[in-house]
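Okay, here's what each chain looks like letter by letter:
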Amino acid sequence: MAAFPWHSRQRNYKTEFESCSLEAVPLDFGDYHPLKPITVTESKTKKMGRKGSTSSTSSSSSSSMVDPLSSVLDGTDPLSMFAATADLVTATSNMDSSRKKRDRDDTSTVGTDFEPWSSKRGDILARYTTTEKLSINLFVGSEKGKVAASTSAVSEKVRTRLEELDDLEECSKLLSDTSVIQFYPSKFVLITDILDTFGKLVYERIFSMCVDNRSVLSDQFSPENVNDTAKETCLNWFFKIASIRELIPRFYVEAAILNCNKFLSKTGISECLPRLTCMIRGIGDPLVSVYARAYLCRVGMEVAPHLKESLNKNFFDFLLTFKQIHGDTVQNQLVVQGVEIPLYLTLYSPAIDWILQCIAYHAPEVLLTEMMERCKKLGNNALLLNSVMSAFRAEFIATRSMDFIGMIKECDESGFPKHLLFRSLGLNLALADPPESDRLQILNEAWKVITKLKNPQDYINCAEVWVEYTCRHFTKREVNTVLADVIKHMTPDRAFEDAYPQLLSVIKKVIAYFHDFSVLFSVEKFLPFLDMFQKENVRVEVCKCIMEAFIKHQQEPTKDPVILNALLHVCKTMHDSVNALTLEDEKRMLAVLINGFIKMVSFGRDFEQQLSFYVETRSMFCNLEPVLVQLIHSVNKLTMETRRVMKGNHSRKTAAFARACVAFCFITIPSLTGIFTRLNLYLHSGQVALANQCLSQADAFFRAAVSLVPEVPKMINIDGKMRPSESFLLEFLCNLFSTLLIVPDHPEQGVLFLVRGLLNVIQDYTWEDNGDDKIRVYTNVLHLLSAMSQETYLYHVDKVDSNDSLYGGDSKFLAENNKLCETVITQILEHLKALGKDETLKRQSILALSFFNSILAHGDLRNNKLNQLSVNLWNLAQRHGCADTRTMVKTLEYIKKRSKQPGMTHLSELALRLPLQTRT
């Protein structure tokens, strides 16, 4: 194929820029302006008839301006229609909300701030276990094996219901059995789950009887709406339950269907609750009794939470019988089962806690005072006191902290440990503040008890809670004292190994309150406290918590040596945890935290110290590639900052520092694994070196980038997926071309040495056979060479002489440039020729038009051969009917318009030679 001589057109960038700027046109807005407030016409439209009847509209407006929205809907703009619809929806919603609110008020349901029983049952089942063998036979809804023959007097349906009730009776009897006493709370949970299901099924069955074809009752109804069949069925259930002989089964089964009283009378529930409360007085075992009361309170809160009297009565009845715990019957039972009294007392906690939670829900503060007085009358029983502190609002407890401490002191240590009481008090003080005058005394009183604990687990469970109180109200001196005490208790016999969750909680609480890290790290015992985390995964978790807090709360860059040394140690711990098995997500998270720290370190104008810090961190974090990338970016930023600060004063020292920064980047980049990460960093670092007049270093960066291109693989990993790399390579090369325009030729390497080397690499690279990226690269090289042939380049680097200054339009330089252009054009045309097959004609058309536009933009079309080449490309783009007609028409219009500009008359002749072919 014959070579086509290239002639770049000479360009005046300033004139071109001015011709592209927007023309200022004066506008007369008159009465209309888009920023003026819009007046929406309020219209009232009659509903249109089904057969297209016209609508009469009456409207009023404060403006005579025609609303552009009005014409769309015959006087009614869409905003008005939406507003009207919204009003209707809002009105309907308000009616529904009012009805729902009224319904809620009628039933007085509990709010979302009430912790439901379902959230407690899992903890109870996990805590109260046993190794004893248990046998629980449940036959709810199944055949028992011994079924009496049915008689004609009892229908099959009634017989089945009675059998099921007998099963429930047998099930409930298990709640009177305390032979495996330590399992009783869990047994209560399992059996009452069955009772709850039974109660719901009965209620739903009776409710379904109230529904007929004429209407459907809402869940809020009055007994007058209930038909006779439903009432009769409901009464049958209650009569059958009343015939159960044993107290405990009769109580539990009736409590399970308590809600069914709504089908019979409005006052049914309010009358049954006091009666059931009195029934419990007949239960002799105090543990069985308190759980029965807990179940009644649970059902009562579900169906009638506003009936507080029964809740209070249940608790006060329990207090009256509490002395039974220390009676001979209970004591003998505990001896037989080998259960100690402290363990036995903990069995009461779930029931008492639940009863008190129900009582304390939205209760006034005066009720707490009454509860405290009743506890005092019982000799400040620790179990009850603990439940009271757990149930009532933290604000109420906090204001009475000293009173509670006094009551805790008078409690009997043998039954319920005092440290658990102080822990409960501490949990409240973590949520609410006590009176300021009492705060130090509260801490001293609590810590007197906590520090005397011998068992490390008991100690750390309490200390963990009171650390937050100390951090919340005191200075680093008190916090340091607490941390020292924790270290003292948890170090012997390596007790800390069994308390990592609590120790981690302590660290989180400390860093949550100390946002000034210079203060935090000046706490003498903070770093020794960290030394207790000797299990690697836990230690790394602690370090991540510290770094997250630092990144979140550190507002200003720091150079504080205390902070730097401590956080370097923390970051090094995270970095050293990385190994071959570490997941990529974990590596990425650690790198983000370390990079956040690096970004917050600044030594101001002490640039040498800043570089020394980067050198140190590079050696410390060499296994995390994102950290090395961040360091390279940071050093490049430091280099440019030095140039900005020292502008006009480029001493030898400044130049040496810039070269040191450049060297840092040059020796760090090869250690990275990502191919495009290295390419882009070579390019970026070369640009920085060029901006700082480090020409030989910049040349080395660019040569390294060029030599790295052949190593680019066909496929690369992007977010875990393998994708073709050519599009990324094309993007990088285009960025490199933009930089090479201003890079001066090396004095010892000849004209356009870097461009020649890059062309050789592009030629030798194995491109995709079914792709055109290689030609797109060549087209961009042609643009670069055209820009290099201009007398003055489009842009420059300050104090760097580019080739336009070095050669000054030298004829030999231009001739060499044109030879390269001819070589590139030859490659493009050969590729176009290879696309002459049927399956590639569309690609050929697109590339031909693209190359035509490149010649139009950069070539001197006064040259006959170049002019003829452009005509040939135009015809090739249309030859097989693959070209977009609209694009061809617009392109031709552009040429004609441009031919009218000064010095462009030759384009008018070109336009005459460019036919538009129609598709046939």
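Note that the coordinates shown come from a computational prediction; the quantities given were computed from them, not determined experimentally.

Concerning the overall build of the chain
For step 1, the next point in the chain: Helix and strand counts for the chain come out as 41 helices and 4 strands.
For step 2, the next point in the chain: A burial count over the chain gives 47% of its 920 residues as buried.
For step 3, the next point in the chain: In the chain, once contacts between residues fewer than 6 apart in sequence are set aside, the share between residues at least 24 apart is 72%.

Focus on the packing of helix α15 (residues 382-391) against helix α18 (residues 418-429)
For step 1, the next point in the chain: In contact at an axis separation of 9 Å, α15 and α18 are set at 10 degrees when each is read in the N-to-C sense. Taken as axis vectors, α15 and α18 run roughly parallel relative to one another. Of the residues in α18, those in contact with A382, L385, N386, M389 and S390 of α15 are L420, L421, S424, L425 and N428.

Thoughts on empty space enclosed by the protein
Empty pockets left among the atoms are what a rolling probe the size of a water molecule brings to light.
For step 1, the next point in the chain: Across all of its chains, the model carries 3 cavities of 30 Å³ or more by this definition.
For step 2, the next point in the chain: In this structure, the largest cavity occupies an estimated 70 Å³ of space.
For step 3, the next point in the chain: Ranked by residues supplied to the lining of the largest cavity, first place goes to helix α34 (residues 753-764) with 3 residues.
For step 4, the next point in the chain: Counted by class, the lining of the largest cavity contains 8 nonpolar, 1 polar and 2 charged residues.

Considering the packing of aromatic side chains
For step 1, the next point in the chain: On inspection of all chains with the given rule, the structure shows 38 aromatic pairs.
For step 2, the next point in the chain: With a centroid separation of 5.2 Å and an interplanar angle of 85 degrees, the aromatic rings of Y344 and Y348 are classed as edge-to-face. As far as burial versus exposure is concerned, Y344 and Y348 are alike and both buried.
For step 3, the next point in the chain: Within the aromatic cluster, the residues linked to one another by ring pairs are F114, W117, Y184, F188, F251, Y252, Y291, Y295, W354 and Y361.
For step 4, the next point in the chain: Here the guanidinium or amino end of R374 rests over the ring plane of F316, the centre of that ring lying 3.6 Å away.

Focus on the nonpolar core
For step 1, the next point in the chain: Core analysis: the biggest nonpolar cluster contains 289 residues, and W466, L503, F526 and F597 have the highest contact counts within it.
For step 2, the next point in the chain: With 12 residues, the top contributor of residues to this core is helix α9 (residues 286-303).
For step 3, the next point in the chain: Apart from the residues within four sequence positions on either side, F526 is in contact with L483, I507, V510, I511, L520, F521 and I546.

Quick notes on the packing of helix α20 (residues 456-473) against helix α22 (residues 500-513)
For step 1, the next point in the chain: At their nearest, the axes of α20 and α22 sit 9 Å apart, and the two run at 5 degrees to each other. Relative to α22, the element α20 lies roughly parallel. Side by side, α20 and α22 meet where Q457, I460, N461, E464, V465, V467, E468, C471 and R472 of the first sit next to Q502, L503, S505, V506, K509, V510 and Y513 of the second.
For step 2, the next point in the chain: Among the residues making up the contact of α20 with α22, the classes are represented as 8 nonpolar, 4 polar and 4 charged.

Looking at the pattern of salt bridges
For step 1, the next point in the chain: The final tally for this structure, using the stated rule, is 34 salt bridges.
For step 2, the next point in the chain: For the salt bridge of E445 with K409, the shortest nitrogen-to-oxygen distance reads 2.9 Å. Of this pair, E445 sits in helix α19 (residues 439-450) while K409 sits in helix α17 (residues 401-409); the two residues are 36 residues apart in sequence, bridging distant segments of the chain.
For step 3, the next point in the chain: You can call E445 buried: its relative accessible area is 12%.
For step 4, the next point in the chain: A relative accessible area of 45% means that K409 is categorised as partly exposed.
For step 5, the next point in the chain: Measuring nitrogen to oxygen at the nearest pair gives 3.3 Å for the salt bridge that ties R703 to D699. Note that R703 and D699 are positioned in helix α32 (residues 695-708) at a spacing of 4 residues, about one turn of the helix.
For step 6, the next point in the chain: Judged by its relative accessible area of 37%, R703 falls in the partly exposed class.
For step 7, the next point in the chain: Among the ionic contacts, a cluster of salt bridges with common partners joins R281, R293, K313 and D317.

Overview of the side chain of S899
For step 1, the next point in the chain: Among the secondary structure elements, S899 is positioned in the loop between α40 (885-898) and α41 (906-912).
For step 2, the next point in the chain: Here S899 is in contact with M904, T905, L907 and S908, once residues within four sequence places are set aside.

Topic: α19
For step 1, the next point in the chain: With 12 residues, α19 extends 16 Å between its outermost C-alpha atoms, agreeing within 8% with the 16 Å of an ideal straight helix rising 1.5 Å per residue.
For step 2, the next point in the chain: Taken residue by residue, α19 has R439, I442, L443, E445, A446, W447 and I450 as its buried positions.
For step 3, the next point in the chain: Buried-residue contacts for α19 involve α17, α18, α20 and α21 (476-490).

Some words on the side chain of T639
For step 1, the next point in the chain: Within the secondary structure layout, T639 lies in helix α29 (residues 625-645).
For step 2, the next point in the chain: The buried category is assigned to T639, whose relative accessible area is 1%.
For step 3, the next point in the chain: Within the local environment of T639, its side chain forms a polar contact with the backbone oxygen of V635, the two atoms lying 2.8 Å apart.
For step 4, the next point in the chain: If we ignore the near neighbours within four places in the chain, the residues touching T639 are A658, C661, V688 and N692.

Digging into the confidence of the model for the chain
For step 1, the next point in the chain: With 84% of its residues at a pLDDT of 70 or more, the chain shows a mean pLDDT of 84.
For step 2, the next point in the chain: Across residues 41-107 the pLDDT falls below 50, and counting only partners more than four positions away or on other chains, this stretch makes 54 contacts in the model.
For step 3, the next point in the chain: Low confidence marks residues 138-155, where pLDDT is under 50. Its contacts with residues over four positions away, or in another chain, come to 18 contacts.

Section: the pairing of strand β4 (residues 721-724)
For step 1, the next point in the chain: Relative to β4, strand β3 (residues 715-718) is paired through 4 bridges, and the arrangement is antiparallel. Paired with M715 across the strands is P724, a residue of β4.
For step 2, the next point in the chain: In this structure, the hairpin formed by β3 and β4 is closed by a connection of 2 residues, where D719 is found at a positive phi of approximately 55 degrees.

Let's talk about the environment of V627
For step 1, the next point in the chain: Here V627 shows up in helix α29.
For step 2, the next point in the chain: With relative accessibility at 0%, the residue V627 sits in the buried group.
For step 3, the next point in the chain: Considered as a pair, V627 and L593 are 34 residues apart in the sequence and their alpha carbons are 9.5 Å apart.
For step 4, the next point in the chain: When sequence neighbours within four positions are dropped, the list of residues in contact with V627 reads A591, I594, N595, I598 and F621.

Details of the environment of A351
For step 1, the next point in the chain: Looking at the secondary structure, you find A351 in helix α13 (residues 349-360).
For step 2, the next point in the chain: Owing to a relative accessible area of 1%, A351 belongs among the buried residues under this scheme.
For step 3, the next point in the chain: For the pair A351 and Y295, spaced 56 residues apart in sequence, the C-alpha separation works out to 8.4 Å.
For step 4, the next point in the chain: In contact with A351, other than residues within four places in its own chain, are V290, Y291 and A294.

Quick look at the environment of L638
For step 1, the next point in the chain: For L638, the position within the fold is in helix α29.
For step 2, the next point in the chain: C-alpha separation for the pair L638 and E608, spaced 30 residues apart in sequence, amounts to 9.8 Å.
For step 3, the next point in the chain: When sequence neighbours within four positions are dropped, the list of residues in contact with L638 reads F607, Q610, L611, Y614, F657 and C661.

Observations concerning helix α28 (residues 607-620)
For step 1, the next point in the chain: If you check α28, its first and last C-alpha atoms are 20 Å apart, about what 14 residues at 1.5 Å a residue would give, namely 20 Å.
For step 2, the next point in the chain: Every buried residue belonging to α28 is among F607, Q610, L611, F613, Y614, T617, R618 and M620, and all of these are buried.
For step 3, the next point in the chain: Packed against the buried residues of α28 are α26 (561-576), α27 (584-599), α29 and α30 (652-668).

Things to note about unusual backbone geometry
For step 1, the next point in the chain: Although it is not a glycine, Q693 adopts a positive phi angle of roughly 60 degrees.
For step 2, the next point in the chain: One can find Q693 in the loop between α31 (675-691) and α32.
For step 3, the next point in the chain: Although it is not a glycine, K799 adopts a positive phi angle of roughly 65 degrees.
For step 4, the next point in the chain: Along the chain, the position of K799 falls in the loop between α35 (773-788) and α36 (803-807).

Here's the deal with the state of the cysteines
For step 1, the next point in the chain: Within the structure shown, the criterion is met by 0 disulfides.
For step 2, the next point in the chain: For the unlinked cysteine C545, the closest cysteine sulfur is that of C543, found at 9.2 Å.
For step 3, the next point in the chain: What makes C545 buried here is its relative accessible area of 9%.
For step 4, the next point in the chain: Considering cysteine sulfurs only, C543 is the nearest to C571, which forms no disulfide, with 8.2 Å between them.

How each quantity is defined
- Residues numbered from 1 in each chain as written.
- Predicted model: local features only at pLDDT ≥ 70, side-chain atom pairs only at ≥ 80, totals over all residues.
- Heavy atoms only, no water.
- Helix = DSSP H or I, 4+ residues; strand = E, 2+ residues; numbered from the N terminus.
- Buried < 20%, exposed > 50% of the residue type's maximum accessible area, 1.4 Å probe, protein only.
- Contact = heavy atoms within 4.5 Å.
- Axes fitted to C-alpha atoms, helices over the stretch in contact; angles between N-to-C directions.
- Parallel < 35°, antiparallel > 145°, perpendicular 65-115°, else oblique.
- 1 Å grid on protein atoms, 1.4 Å probe; cavity = no way out; pocket = protein on both sides within 12 Å on 5 of 7 lines; lining within 4 Å.
- Points joined across faces, edges and corners; volume = space filled by probe spheres on them.
- Nonpolar A, V, L, I, M, F, W, Y, C, P; charged D, E, K, R; others polar.
- Phe/Tyr/Trp six-rings, centres within 6.5 Å; stacked < 30°, edge-to-face > 60°.
- Lys NZ or Arg CZ within 6 Å of the ring centre and 35° of its normal.
- Core = buried A, V, L, I, M, F, W, Y, C linked by side-chain atoms within 4.5 Å.
- Salt bridge = Lys/Arg side-chain N within 4 Å of Asp/Glu carboxyl O.
- Expected span 1.5 Å × (residues − 1).
- Polar contact = N/O pair within 3.5 Å; in protein donor to acceptor, adjacent residues only side chain to side chain.
- pLDDT = per-residue confidence, 0-100.
- Pairing = 2+ DSSP bridges.
- Disulfide = S-S within 2.5 Å.

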